[in-house]
Amino acid sequence: MAKLDEKIEEMYQEVLKRNPGETEFHQAVLEVLESLGPVVVKHPEYLERKIIERICEPERQIIFRVPWQNDKGKVQINRGFRVEFSSALGPYKGGLRFHPSVYLGIIKFLGFEQIFKNSLTGLPIGGGKGGSDFDPKGKTDDEVMRFCQSFMTELHRHLGEHTDVPAGDIGVGGREIGYMFGQYKRITNRYEPGVLTGKGLTWGGSLVRTEATGYGATFFVNEMLKARKDSFADKTCLVSGSGNVAIYTIEKIHQLGGKCIACSDSNGVILHEKGLDLDLIKQLKEVERRRISDYVAIHKEAKYIPNGNIWDIPCQVAMPSATQNEINGKDAANLVKNGCIAVGEGANMPTTPEGVKVFLDAKIAYGPGKAANAGGVATSALEMQQNAGRDSWTFEYTEKKLEDIMINIHRNCYETAEEYGAPGNYVLGANICGFIKVANAMVAHGLI
Ligand code: GLU
């Protein structure tokens, strides 16, 4: 056992050496590798065929220039990425992130997570991710359109419904998907809905895709609570962020009887003890694209805390839905001390390794992102199914499918954790369960 762990340690050292400076990617790889010791004992063929080494090396990485002009006619240059990580289970699938912090290390961490997340959904999708260091904040619609068109002018040659199917992530929503779909259609002369997901409802999109990540994460937490003979009823909840994931997490928490009292954006925190007014948040964020600080102009009794730390607020359920590494060891310790019993990650890798350790040691219900937030990409796969069948399903039918998928993911992670002697450890359960399916497909496909 120790010897095999040593082998995995060697693999990790090799990843560090081959990918210098990509700290988020290192973090995501280490978190998965730490779970795989007992797996390679049961499956020595994975070692022989270097499955782990191969999984850590993307199948293809594309980096390109994205030139565009702002409204003043000034030339702007951004960098575009698409990392096609694994096609073991299906076409590369994963979102595009537009954010100034984007560089290769962020896209690779997201692409790596996506492999296992997509595997957990049980649907036929491989893993990939892309994006740009373009900052949509403060840009006009026209500027966003010109950027998206330039981005797609290069990316289109790498896409296809059987090849690579992007979607949204931070900074990429329905508006951006629309501009990119339009440009793809124009360049290729093909109306190919299956090439992007997160589309508008009248041109190939799926009902529930907008809600899916938030609803799915909340279904997952609901399952973790049920496994502990508990429920959302009357639970005080925190949801960080105020984007698409956060908004629909809050909505589902309220539908399931919980009370969400705080959310945030990169400038500050809104605390509203009697429960957040979700209609107002939707109006501010989805319709008017404003900052959440404007919330207190309508609700005088609510508090806006500039630069506040949402995790200082006592709660029973915390659902980080903003970005990576937003909960550190101290935040996690604070949450546990203040009575938090469940954490479900709507964002990708929102908890640092120190924070994860705090949650696991405290034995609270901790649902890592690759399991808890898989509902978004799962519903993208449902969108692809509808596109392939030139069909569109009702909201109720699609939501039920999403709920069943989340119940299944929860059950598989739960049972895998038990099987590997770590009951209640969803990190181990998700990593092992997601990995084995990909590894077996890679063994079957031979050395490619
Ligand atoms: N960006 C989302 C994720 O992190 C969704 C990806 C997709 O729908 O392809 O899973």
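Here the structure is a predicted model, which is why all the values come from computation and not from measurement.

Draft legend 1. The overall build of the chain, seen in detail. Within the chain, the regular secondary structure consists of 18 helices and 12 strands. Its C-alpha atoms give the chain a radius of gyration of 21 Å, within 12% of the compact-globule value 22 Å for 448 residues. Principal-axis analysis of the C-alpha atoms gives the chain an extent of 60 × 55 × 45 Å. The long-range share in the chain, meaning contacts at least 24 apart out of those at least 6 apart in sequence, stands at 71%. Only carbon and sulfur atoms are counted for the fraction: they give 51% of the accessible area of the chain, which is about 18300 Å².

Draft legend 2. Seen up close, the state of the cysteines. As enumerated under the stated definition, the model contains zero disulfides in all. The thiol of Cys260 is not disulfide-bonded; the next cysteine sulfur, from Cys237, is found 6.1 Å away.

Draft legend 3. Layout of the nonpolar core. Ranked by internal contacts, the top residues of the largest apolar core, which has 52 residues, are Phe220, Val221, Phe232, Leu276, Tyr295, Met319 and Ile409. For this core, the leading source of residues is helix α9 (residues 209–227), giving eight residues. Setting aside its immediate chain neighbours within four residues, Val221 contacts Phe232, Val317, Met319, Ala342 and Gly344. With 43 residues, the next largest nonpolar core counts Tyr12, Cys56, Phe81 and Phe85 among its residues.

Draft legend 4. Structural context of the environment of Glu10. Mapped onto the elements, Glu10 comes out in helix α1 (residues 2–18). Take Glu10: its relative accessible area is 56%, and that puts it in the exposed class. When the C-alpha atoms of Glu10 and Gly308 are compared, they prove to be 41 Å apart, with 298 residues separating the residues in sequence.

Draft legend 5. Focus on unusual backbone geometry. In this structure, Lys50 is a non-glycine residue whose phi angle is positive, near 50°. In the Ramachandran plot, Met349 falls in the positive-phi region, its phi being about 50° despite a non-glycine side chain.

Draft legend 6. A look at the site of the ligand. The environment of the ligand is formed by 13 residues, the closest being Lys93, Lys117, Gly168, Asp169 and Ser380. Interatomic distance of 2.7 Å between a side-chain N/O atom of Lys93 and an oxygen atom of the ligand. When the ligand is considered free in solution it has 300 Å² of accessible area, and contact with the protein chains removes 94% of it. With three residues, strand β3 (residues 92–98) is the single largest residue contributor to the shell around the ligand. Across the shell around the ligand, the residue classes tally to two nonpolar, six polar and five charged.

Draft legend 7. Structural context of the pairing of β3. The buried fraction of β3 amounts to seven of the seven residues, a majority that puts the element mostly inside the structure. Sheet topology note: the β3/strand β5 (residues 164–167) ladder contains four bridges and is parallel. What sits directly across from Tyr92, in β5, is Asp164. In this sheet, strand β4 (residues 127–132) lies alongside β3 in parallel orientation, the contact comprising three bridges. In the sheet register, Leu96 faces β4, and the bridge partner there is Gly130. For the crossover from β3 across helix α6 (residues 104–120) to β4, the handedness is right-handed.

Each value, and the rule that gives it
Residues numbered from 1 in each chain as written. Predicted model: local features only at pLDDT ≥ 70, side-chain atom pairs only at ≥ 80, totals over all residues. Heavy atoms only, no water. Helix = DSSP H or I, 4+ residues; strand = E, 2+ residues; numbered from the N terminus. Rg over C-alpha atoms; globule rule 2.2 N^0.38 Å. Contact = heavy atoms within 4.5 Å. Areas by Shrake-Rupley, 256 points an atom, 1.4 Å probe, with all protein chains shown as cover. Disulfide = S-S within 2.5 Å. Core = buried A, V, L, I, M, F, W, Y, C linked by side-chain atoms within 4.5 Å. Buried < 20%, exposed > 50% of the residue type's maximum accessible area, 1.4 Å probe, protein only. Near = heavy atom within 4 Å. Polar contact = N/O pair within 3.5 Å; in protein donor to acceptor, adjacent residues only side chain to side chain. Nonpolar A, V, L, I, M, F, W, Y, C, P; charged D, E, K, R; others polar. Pairing = 2+ DSSP bridges. Right-handed = clockwise from strand over helix to strand, strands pointing away.

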